[in-house]
Amino acid sequence: MLDADFFRRWMAAAAAAVDREAARLTELDSAIGDADHGSNLQRGFAAVTAVLEKEEPQTPGAVLMLAGRQLISTVGGASGPLYGTLLRRTGKALGDAPTVTDHQLGEAFGAGVTAVGQLGGAQAGDKTMLDALLPGVEALGTSYGAARDAAEAGAAATVPMLARKGRASYLGERSIGHQDPGATSSALLFAALAEAHDLRGGGS
Ligand code: ADP
Ligand code: MG
């Protein structure tokens, strides 16, 4: 069973991963965007860490809803509302249970990813974060390690894609040949989830 501590570990691991990879995320965004994706997410996840320490939410759903709300209010650009919606909707789907199962997390995360698609209007193959989120959430049914690997493969697969949504779409054909920054950070979110799970002693 996954408790609120597990979800706090997930958010802490995500914040650490974003810190570690901020320069790379910004470099990817400088090729097909406006070079702010790393700093956007660093600011957002630092704020998530701070608010979780301050408010100490007691259920999995409350942890994710608070984290999502914080991302929406601190991350500028397209990715703030999208990631905020992902976490808020996932948290909402978990309800107020004190613990949830792996299966419940998979289902809830699926609802979160669907909400990202609805908000941004993107589909698989449009070269966005969804190209990592969709394969990642599908593989969650297998294992956390499989989800991490599938999301990373999904991010890598955005390189030859033509961007159809967001800032990168303004570049048209020139967006081809670069990995999407949002898909790259989404893969980090799955890596952080697998890390939180490993820390629990459950392997991947
Ligand atoms: P901005 O583009 O406003 O500067 P960021 O740089 O923080 O915002 O985030 C860019 C990322 O957001 C892109 O790499 C892409 O993955 C994601 N993104 C942009 N628009 C959409 C959308 N409509 N649907 C899904 N993801 C999107
Ligand atoms: Mg940007």
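Described below are features of the structure shown in this document. (Residues numbered from 1 in each chain as written. Chains lettered and ligands numbered in written order. Predicted model: local features only at pLDDT ≥ 70, side-chain atom pairs only at ≥ 80, totals over all residues. Heavy atoms only, no water.)

## Some details on the coordination of the magnesium ion (ligand 2)
Condition: In this listing, donors mean N, O and S atoms no farther than 2.8 Å from the metal, or 3.2 Å for Na, K and Ca; water is missing from the atoms, so a site can look incomplete. Residue exposure (1.4 Å probe, protein chains only): buried if accessible area is under 20% of the type maximum, exposed if over 50%, otherwise partly exposed.
Bound to the magnesium ion (ligand 2) on the protein side are Asp29 (OD), Asp34 (OD) and Asp36 (OD), at distances that span 2.0 to 2.2 Å. Mapped onto the sequence, the donors of the magnesium ion (ligand 2) take the spacing D-x4-D-x1-D. Accessibility expressed as a relative area gives 22% for Asp36, which makes it partly exposed.

## Notes on the site of ligand 1
Rule in force here: For this purpose, a residue is taken to be near a molecule or strand whenever a single non-hydrogen atom of the residue falls within 4 Å of it. Polar contacts, as counted here, are pairs of nitrogen or oxygen atoms within 3.5 Å of one another; within protein the pair requires one atom able to donate a hydrogen and one able to accept it, and residues that are adjacent in sequence qualify only if both atoms are side-chain atoms. Only the protein chains shown count as cover for residues, and all accessible areas are computed by the Shrake-Rupley method using a 1.4 Å probe. The helix count covers DSSP runs of H or I at least four residues long, the strand count covers runs of E at least two residues long, and both are numbered beginning at the N terminus. Just so you know the grouping, Ala, Val, Leu, Ile, Met, Phe, Trp, Tyr, Cys and Pro go in nonpolar, Asp, Glu, Lys and Arg go in charged, and all remaining residues, Gly too, go in polar.
Around ligand 1 there are 20 residues in total, and His37, Asn40, Ala78, Ser79 and Asp180 lie nearest to it. With respect to ligand 1, the side chain of Asp36 contributes an N or O atom lying 3.0 Å from an oxygen atom. Residue Asn40 places a side-chain N or O atom 2.9 Å away from an oxygen atom belonging to ligand 1. Bound to the protein, ligand 1 loses 93% of the 570 Å² it would expose on its own. Taken together, the elements giving at least two residues each to the shell around ligand 1 come down to α2 (37-55), α4 (79-94) and α8 (181-199). Considering only residue class, the shell around ligand 1 consists of six nonpolar, eight polar and six charged.

## Examining the packing of helix α3 (residues 60-74) against α4
Let me state the cut-off plainly: Axis geometry follows a simple rule: fit a line to the C-alpha atoms, using only the stretch in contact for helices, then measure angles between N-to-C directions, giving values from 0 to 180 degrees. We call two directions roughly parallel when the angle between them is under 35 degrees, roughly antiparallel when it is over 145, roughly perpendicular when it lies between 65 and 115, and oblique otherwise. For a crossing to be left-handed, the near helix must be turned anticlockwise from the far one by less than a right angle; the clockwise case is right-handed. For this analysis, residues touch if any pair of their heavy atoms sits within 4.5 Å.
Look at α3 against α4: their axes get within 7 Å of each other, and the N-to-C directions meet at 165 degrees. Taken together, α3 and α4 sit at an angle that is classed as roughly antiparallel. Pair α3 / α4 crosses with left-handed handedness. Along its contact with α3, which presents Pro60, Gly61, Leu64, Met65, Ala67, Gly68, Arg69, Leu71 and Ile72, the element α4 presents Gly80, Pro81, Tyr83, Gly84, Thr85, Leu87, Arg88, Thr90, Gly91, Lys92 and Leu94. Residue composition of the contact of α3 with α4, by class: 10 nonpolar, seven polar and three charged.

## With respect to unusual backbone geometry
Positive phi outside glycine occurs at Glu56, with the angle close to 45 degrees. Its place among the elements puts Glu56 in the loop between α2 and α3. By relative accessible area, Glu56 is classed as exposed at 51%. At Lys127, a position not held by glycine, the phi torsion is positive, near 65 degrees. Along the chain, the position of Lys127 falls in the loop between α5 (102-120) and α6 (130-139).

## With respect to the packing of aromatic side chains
We apply this condition: The aromatic pairing rule takes the rings of Phe, Tyr and Trp, using the six-membered ring of Trp, and pairs them if the centres are within 6.5 Å, calling planes under 30 degrees apart stacked, those over 60 edge-to-face and the rest tilted.
Within this structure, the stated rule accounts for five aromatic pairs. Within the aromatic cluster, the residues linked to one another by ring pairs are Phe6, Phe7, Trp10, Phe109, Tyr144 and Phe190.

## Quick look at the packing of helix α1 (residues 4-32) against α3
It is the contact of α1 with α3, at a shortest axis distance of 7 Å, that shows an interaxial angle of 30 degrees. Overall, the two elements α1 and α3 adopt an arrangement that is roughly parallel. Between α1 and α3 lies a crossing whose hand is right-handed. Residues Ala4, Phe7, Arg8, Trp10 and Met11 of α1 touch α3, and the partners they reach there are Pro60, Val63, Leu64 and Ala67. The residue inventory of the contact of α1 with α3, partitioned by class, reads eight nonpolar, no polar and one charged.

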